[in-house]
Structures are given as C-alpha cells and as structure tokens.
Amino acid sequence: MPEDVILTARDGRVGIITLNRPKVLNALNDDLMNALGAALTAFDVDETIGVIVLEGSARAFAAGADIAVMANWTYSDVYNSNFITRNWEAIRQIRKPVIASVAGLALGGGCELALSCDIIIAGRSAKFGLPEIKLGLLPGAGGTQRLPRAIGKAKAMDMCLTARVLDAAEADRYGLISRVVDDETLREQTLALAASVASFSAPALMALKECVNRAFESTLSEGVLFERRELHARFATSDAREGMQAFMQKRQPAFEHR
Ligand code: CAA
C-alpha cells in the first residue's frame, strides 16, 4: 500500500492537515499538492470546521518542491503543464484562517507554503530559507512576492540572492512568522491557538481574513472602503448581535456562525 502523502484529523472545530513524506523531508510533489488542495478545500466548506492547521514533521515542515521530480523537466514540460499554478495555489482560495505550524526545515516551496498561510507559529528548531538560487532556479511559488511583503525588500533580497537560512528567532524578529514556542509544546500551543480562533464567528473570521489580504491587493483607500463595507455587513449577522449582547451581559458569547 502506498503511504498517504497527507494525513487529516479533527480536533473540535480545528481541521488538521499533516504533510506526510517524511523520508524526503516532505518534498512537495504533485500527489502531495493535489491531496493538500483537496483536503484544504474539504475543510474550507465544512461548517463544523473554523480553522485549518497545516503541519509537517519534527524534522521538516517541507524542504521544498521535489527536486528529483523536477530534475529532468524542460521548459515545455513546466509551461505546458502549468507547473505550480495547476495545483499549488489552492491555498489562496481558502477562506478560513490557515495556521502553519512549523518545526524543522521550511525551505523553498516549503517556506513559500508557510508564507501562504495566515499565521505561522514555529518551534525553536524551525529554519526558513529560499535556496532555489543554489539549484539555478528561483522561488516560484510566490516567494519573491510574499517574502518582501512580509519582511521588506532588503531582508528578502538577502535571503533570495544568498540562500541565507533564518532560524526561528531571526524569522520572528524580521516579521516572517507570528510566534515562536518550544518545539516540545508546538503542537499543543498550535492547537490551543487554533481552537481559540475557531471559537470566534466563522463568517467574521472569513471576512476579516479577506480584509487583511486586501491590504496587499489594493490601494489604501480601496482597502479601507472594502473594510468598511465588511464591517457594515457584520451588522447583518446574528453573531455580531450575540457578541455585543454577550459583552453587555458580561457573559461568554455563543456564536452560531451565522
Ligand atoms: N526534493 C526531493 N528530495 C529531497 C528534497 C527536495 N526538495 N529535500 C530533501 N530531499 C531528500 C533527500 O534527497 C534525501 O533523500 P535520500 O535519503 O533518498 O537521499 C532525504 O530527503 C533526506 O535529505 P538529506 O539526506 O539531504 O538530509 P540533510 O539533513 O543532509 O539535508 C537539506 C537537508 C539541507 C534540506 C537538504 O536535503 C536539501 O538541501 N534539500 C533541498 C532543499 C531545496 O533546495 N529546496 C528548494 C527546492 S526548489 C523549490 O522549492 C522551487 C519552488 O519555488 C517551488
């Protein structure tokens, strides 16, 4: 029986996806990216799930695109088959918050996959890098665009042009990731964080994610207008009514995700 390249599980309102090609440090091939896209989409449309966690193994979140598969490809192969675009970008369509939980290596496409998530929580063992230049390639899963937006041009150029790898403390300092925790508690803290976010109103979370992402896709005035409309739309939801009533009545809100 071939091994499952991803594993999925649930913990309350949290959907967990584990990359599972440990022998090759979770190198990202078509099977894995197809399965990942399907799992992300399935959790995204599942009303019992509020937040998705994406994790690798203790040694590697993912060491990048599968070099063994790419090694003999030609330009025609990748252009005609629409490499990356055909199956790596499913994550961009996901409306629920996605939390990357990173231990060990997040290199190349693995780093880019983490950068496509909404929150990155890392263990102290985590290492982030875009070493594609060492292969005569360049980061091609959004890295040249998302990294400078995350950490600024100077640090991004340094990482891309020199293949410099950041440890978790540096990545945290530069703003590449959201939080650093001890490796031993990474899973527990990831799930606690995910459960806490998933307890909020699901439609409010989705709208909020869309607003923040809009900051990277539009002018400030367009983004603020979009945000204002989304805020106004919250007043049409029973969750906003419940949230504010609960505050007034000094009790915990019971959101129905409506
Ligand atoms: N693709 C395919 N196989 C990989 C891989 C990758 N990206 N990364 C690691 N592996 C495999 C190794 O070939 C090795 O397999 P074998 O046991 O069959 O030889 C196994 O995983 C374990 O790796 P190492 O023995 O090399 O482990 P190490 O601890 O000595 O080194 C490493 C770890 C520094 C990460 C090294 O494996 C490495 O440099 N990997 C490549 C990292 C890389 O260049 N990533 C970018 C890929 S290109 C890309 O991602 C393009 C894009 O933008 C989408």
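Preceding this section is the structure that the text describes.
Notes on the structure follow. Here the structure is a predicted model, which is why all the values come from computation and not from measurement.

1. With respect to unusual backbone geometry
Look at Asn26: it is not a glycine, yet its phi comes out positive at around 60 degrees. Relative to the helices and strands, Asn26 resides in the loop between β2 (14-19) and α1 (30-44).

2. Observations regarding the sheet that holds strand β3 (residues 51-55)
Across the sheet, six strands lie side by side as β1-β2-β3-β5-β7-β10; this open sheet has mixed pairing. Edge positions in the sheet fall to β1 (6-11) and β10 (179-181), since each has one partner strand and no second. Taking the axes of each pair of neighbouring strands and ignoring which way they run, one obtains an average angle of 20 degrees across the sheet. The pairing of β2 with β3 spans five bridges and is classified as parallel. Bridge pairing in β3 links Ile17 to Leu54.

3. A look at the nonpolar core
Within the largest apolar cluster, 49 residues are counted, with the highest numbers of intra-cluster contacts made by Leu54, Val102, Phe128 and Leu176. Ranked by residue count, the leading element in this core is α1, at six residues. For Val102, the residues in contact, after removing those within four places along its chain, are Phe61, Ala114, Ile120, Ile121, Ala122, Gly123, Ala126, Phe128 and Leu186. Counting 15 residues, the second-largest nonpolar core is a separate cluster that includes Val51, Val181, Ala198 and Leu205.

4. Regarding α1
Helix length check: α1, at 15 residues, gives a terminal C-alpha distance of 21 Å against a target of 21 Å (1.5 Å per residue), a fit within 8%. Of the residues making up α1, those classed as buried are Leu32, Met33, Leu36, Gly37, Ala39, Leu40, Phe43 and Asp44. Packed against the buried residues of α1 are β1, β2, β3 and α4 (109-115).

5. Topic: the sheet that holds strand β6 (residues 105-107)
Pairing between the strands of a sheet is mediated by backbone hydrogen bonds and can be parallel or antiparallel. The strand order across the open sheet built from four strands is β4-β6-β8-β9, with neighbouring strands paired in mixed fashion. Looking along the sheet, the strands with just one partner apiece sit at the ends: β4 (60-62) and β9 (166-167).

6. Overview of the environment of Ile67
Tracing the backbone shows Ile67 in helix α2 (residues 67-70). We classify Ile67 as partly exposed; its relative accessible area is 43%. Each C-alpha atom of the pair Ile67 and Leu135 lies 9.1 Å from the other, and the pair is 68 residues apart in sequence.

7. Let's talk about the site of the ligand
As a matter of local geometry, the ligand sits amid 25 residues, with Arg59, Ala65, Gly109, Glu112 and Gly140 nearest to it. The separation between an oxygen atom of the ligand and a polar main-chain atom of Gly109 is 2.8 Å. Between an oxygen atom of the ligand and a main-chain N or O atom of Gly140, the distance comes to 2.9 Å. Within the complex, the protein chains bury 60% of what would otherwise be the 980 Å² of accessible surface of the ligand. Of all the secondary-structure elements, those providing two or more residues to the shell around the ligand are α2, β6 and α4.

8. Quick word on the packing of aromatic side chains
Going through the model one piece at a time under the given rule, you end up with three aromatic pairs. Taking 5.5 Å as the distance between ring centres and 15 degrees as the angle between the ring planes, the aromatic pair formed by Tyr75 and Tyr79 counts as stacked. Separated by four residues within a single helix, Tyr75 and Tyr79 lie in helix α3 (residues 75-81), roughly one turn from each other. In this structure Tyr75 comes out as exposed when scored by relative accessible area, which is 61%. Each member of the aromatic cluster is reached from another via a ring pair, and the members are Trp73, Phe83 and Trp88. Geometry around Phe226 places Arg214 over its ring, the cationic atom sitting 3.9 Å from the centre.

Reading the values: rules and limits
Residues numbered from 1 in each chain as written. Predicted model: local features only at pLDDT ≥ 70, side-chain atom pairs only at ≥ 80, totals over all residues. Heavy atoms only, no water. Helix = DSSP H or I, 4+ residues; strand = E, 2+ residues; numbered from the N terminus. Pairing = 2+ DSSP bridges. Axes fitted to C-alpha atoms, helices over the stretch in contact; angles between N-to-C directions. Core = buried A, V, L, I, M, F, W, Y, C linked by side-chain atoms within 4.5 Å. Buried < 20%, exposed > 50% of the residue type's maximum accessible area, 1.4 Å probe, protein only. Contact = heavy atoms within 4.5 Å. Expected span 1.5 Å × (residues − 1). Near = heavy atom within 4 Å. Polar contact = N/O pair within 3.5 Å; in protein donor to acceptor, adjacent residues only side chain to side chain. Areas by Shrake-Rupley, 256 points an atom, 1.4 Å probe, with all protein chains shown as cover. Phe/Tyr/Trp six-rings, centres within 6.5 Å; stacked < 30°, edge-to-face > 60°. Lys NZ or Arg CZ within 6 Å of the ring centre and 35° of its normal.

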